[in-house]
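Structural overview for review
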Amino acid sequence: MPYFPQWEVADLRYERQLLIPQIGQEGQEKLEKAKVTVIGAGGLGSPVLTYLVSAGVGKIQIVDCDVVSESNLNRQFLHHTGDVGRPKVLSAQEKLVSLNPDVALSTVNKRLNQENIEECIIGSDVVVDCVDNIETRVMVASACIQLNIPLVEGGVLGFYGYVIDIGRDYPCLSCLGYDKAKQKTPVPVLGVTAGVIGCMQANECIKLLLGIGEPLYGRMLNYDGLSGTWEEVKVEKAKNCAVHKNAETGKNGEFYWNGGK
Ligand SMILES: [Zn+2]
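What counts and how
- Residues numbered from 1 in each chain as written.
- Predicted model: local features only at pLDDT ≥ 70, side-chain atom pairs only at ≥ 80, totals over all residues.
- UniProt positions renumbered as here; feature names shortened; annotations may be inferred.
- Helix = DSSP H or I, 4+ residues; strand = E, 2+ residues; numbered from the N terminus.
- Rg over C-alpha atoms; globule rule 2.2 N^0.38 Å.
- Buried ≥ 20, exposed ≤ 12 C-beta atoms within 10 Å, placed from the backbone.
- Contact = placed C-beta atoms within 7 Å.
- Axes fitted to C-alpha atoms, helices over the stretch in contact; angles between N-to-C directions.
- Parallel < 35°, antiparallel > 145°, perpendicular 65-115°, else oblique.
- Left-handed = near helix turned anticlockwise from the far one by under 90°.
- Nonpolar A, V, L, I, M, F, W, Y, C, P; charged D, E, K, R; others polar.
- Pairing = 2+ DSSP bridges.
- Right-handed = clockwise from strand over helix to strand, strands pointing away.
- Core = buried A, V, L, I, M, F, W, Y, C linked by C-beta atoms within 7 Å.

Going by what an unreviewed UniProt entry lists, the protein chain is known as Adenylyltransferase and sulfurtransferase and is assigned to Propionispira arboris. Under the heading Sequence similarities (unreviewed entry), UniProt records this for the protein chain: "Belongs to the HesA/MoeB/ThiF family."

This is the structure in structure tokens:
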């Protein structure tokens with residue numbers, strides 16, 4: 001008797017995850033019907049895209065407006081030395097198509113702004129934020145809350161990182177005061193740290209798509225690679241959060257972001 005009699009050969013690629021009771025054939029079909037937008041094809045985007053593509057998420061949109069530079073290569077493993085100077089979306093797409101040709105990959109080689117963000121993320125089941133600047137993070141979170149799209153947010157600094165899920169009924173980055181934070185650039189990052197946090201983001205995205213487990217809504221998971229510890233911090237919606245208020249009132253469909261002023 002064959003060991004896995006219930007699956008067709010076509011499912012061999014996903015054989016090991018089909019064995020997981022919380023996924024199975026039904027979960028796999030959900031993944032295949034899902035659309036995810038990943039914003040940023042860099043240090044976080046590399047593990048996020050790799051694991052979503054290898055898991056068989058049906059439609060994945062990659063958004064990035066940068067070209068590959070040599071300083072990206074310590075962490076952005078979708079890009080190789082020969083890709084320096086090429087658009088990141090093309091370099092990433094090429095590797096990901098080779099990994100799993102069954103996934104429909106689309107690319108947006110544009111800088112996100114107030115005018116194009118709605119068009120870019122609308123219709124996504126989940127958005128995964130893999131950018132490296134606060135302005136874009138807050139704009140993405142604002143748009144996701146307004147459009148009621150679950151958002152997986154992650155960030156890294158040196159050996160430290162965090163991951164949190166954001167939604168209309170849960171705290172956002174502005175609730176936590178991120179819209180007022182000042183950021184020095186370039187951000188110091190060990191490639192491994194981006195890998196750890198990106199893997200956690202991919203895991204959260206898959207949980208949200210499947211409706212399984214306990215998403216990190218209202219729970220910021222902080223990682224310290226030096227001490228080798230994770231700490232969960234419970235966070236709450238701020239009463240006067242402008243992003244949440246604007247999402248409730250609609251404000252002519254504009255996405256709230258005041259440039260940190
Ligand atoms: Zn908020």
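After presenting the structure, the write-up continues.
Topic: the overall build of the protein chain
When its secondary structure is counted, the protein chain shows 8 helices and 8 strands. Here the C-alpha atoms of the protein chain give a radius of gyration of 18 Å, agreeing with the 18 Å that 2.2 N^0.38 yields for 261 residues. Along the first, second and third principal axes, the C-alpha atoms of the protein chain reach 65 × 40 × 40 Å. Considering the protein chain as a whole, with its 261 residues, one finds that 41% of them fall into the buried category. Within the protein chain, counting contacts between residues at least 6 apart in sequence, those at least 24 apart form 70% of the total.

Comments concerning helix H3 (residues 45-55)
Counting buried residues along H3, 9 of its 11 residues qualify, which places the element largely inside the surrounding structure. By the burial criterion, the buried members of H3 are Gly 45, Ser 46, Pro 47, Val 48, Leu 49, Thr 50, Leu 52, Val 53 and Ala 55. Immediately downstream of H3, the backbone of Gly 56 shows phi near 90 degrees, a positive value.

So, the UniProt feature "domain: THIF-type NAD/FAD binding fold" (unreviewed entry) in the protein chain
As annotated in UniProt, the feature "domain: THIF-type NAD/FAD binding fold" (unreviewed entry) corresponds to residues 14-242 in the numbering used here. In residues 14-242, the share of helix is 34% and the share of strand is 20%. The end C-alpha atoms are 43 Å apart.

As for the packing of H3 against helix H7 (residues 191-210)
Here H3 crosses H7 at 40 degrees, and the two axes come no closer than 7 Å. It follows that H3 is oblique to H7 by the angle criterion. Crossing handedness for the pair H3 and H7: right-handed. Here Ser 46, Pro 47, Val 48, Tyr 51, Leu 52 and Ala 55 of H3 lie close against H7, whose contacting residues are Gly 195, Gly 198, Cys 199, Gln 201, Ala 202, Cys 205 and Ile 206. Across the contact of H3 with H7, the residue classes break down as 9 nonpolar, 4 polar and no charged.

Quick notes on the pairing of strand S2 (residues 59-63)
In terms of burial, S2 is largely enclosed, as 4 of its 5 residues are buried. Two strands pair when backbone bridges link them, and strand S1 (residues 35-39) and S2 are joined in this way by 5 bridges, in the parallel orientation. Bridging from a neighbouring strand, Lys 35 pairs with Lys 59 of S2. Two strands pair when backbone bridges link them, and S2 and strand S3 (residues 104-108) are joined in this way by 5 bridges, in the parallel orientation. Bridge assignment links Val 63 to a residue of S3, and that residue is Val 108. Crossover handedness for the path S2 to helix H4 (residues 88-99) to S3: right-handed.

Focus on the nonpolar core
Core analysis: the largest hydrophobic core is formed by 62 residues, its most contacted members being Val 38, Leu 49, Leu 52, Val 57, Ala 141, Cys 144 and Cys 205. Among the elements that make up this core, the one with the highest residue count is H7 (9 residues). Once residues within four sequence positions are removed from consideration, Val 38 is found in contact with Gly 45, Val 48, Leu 49, Ile 60, Ile 62, Val 63, Val 128 and Cys 130.

Focus on the sheet that holds strand S4 (residues 126-129)
Strand order in the open sheet formed by 8 strands is S3-S2-S1-S4-S5-S6-S7-S8, and the pairing between neighbours is mixed. Only two strands of the sheet have a single neighbouring strand rather than two, namely S3 and strand S8 (229-234). Neighbouring strand axes in the sheet, compared pairwise and without regard to direction, differ in orientation by 15 degrees on average. Alignment of S1 against S4, held across 4 bridges, turns out to be parallel. Looking across to S4, one finds that Val 38 is bridged to Val 128. Sheet strands touched by H4: S2 and S3. Its angle to S3, the strand with the most contacts, is close to 175 degrees.

Things to note about unusual backbone geometry
With the exception of glycine, most residues fall at negative phi, and the peptide bonds are largely trans. A cis amide bond links Thr 185 to the next residue, Pro 186, at an omega of -5 degrees. Looking at where Pro 186 falls in the secondary structure, it is placed in the loop between strand S6 (160-166) and H7. Positive phi values are uncommon outside glycine, yet Asn 148 reaches one of about 60 degrees. In this structure, Asn 148 sits in the loop between helix H6 (134-147) and strand S5 (151-157). By the C-beta count within 10 Å, which is 10 here, Asn 148 ends up exposed.

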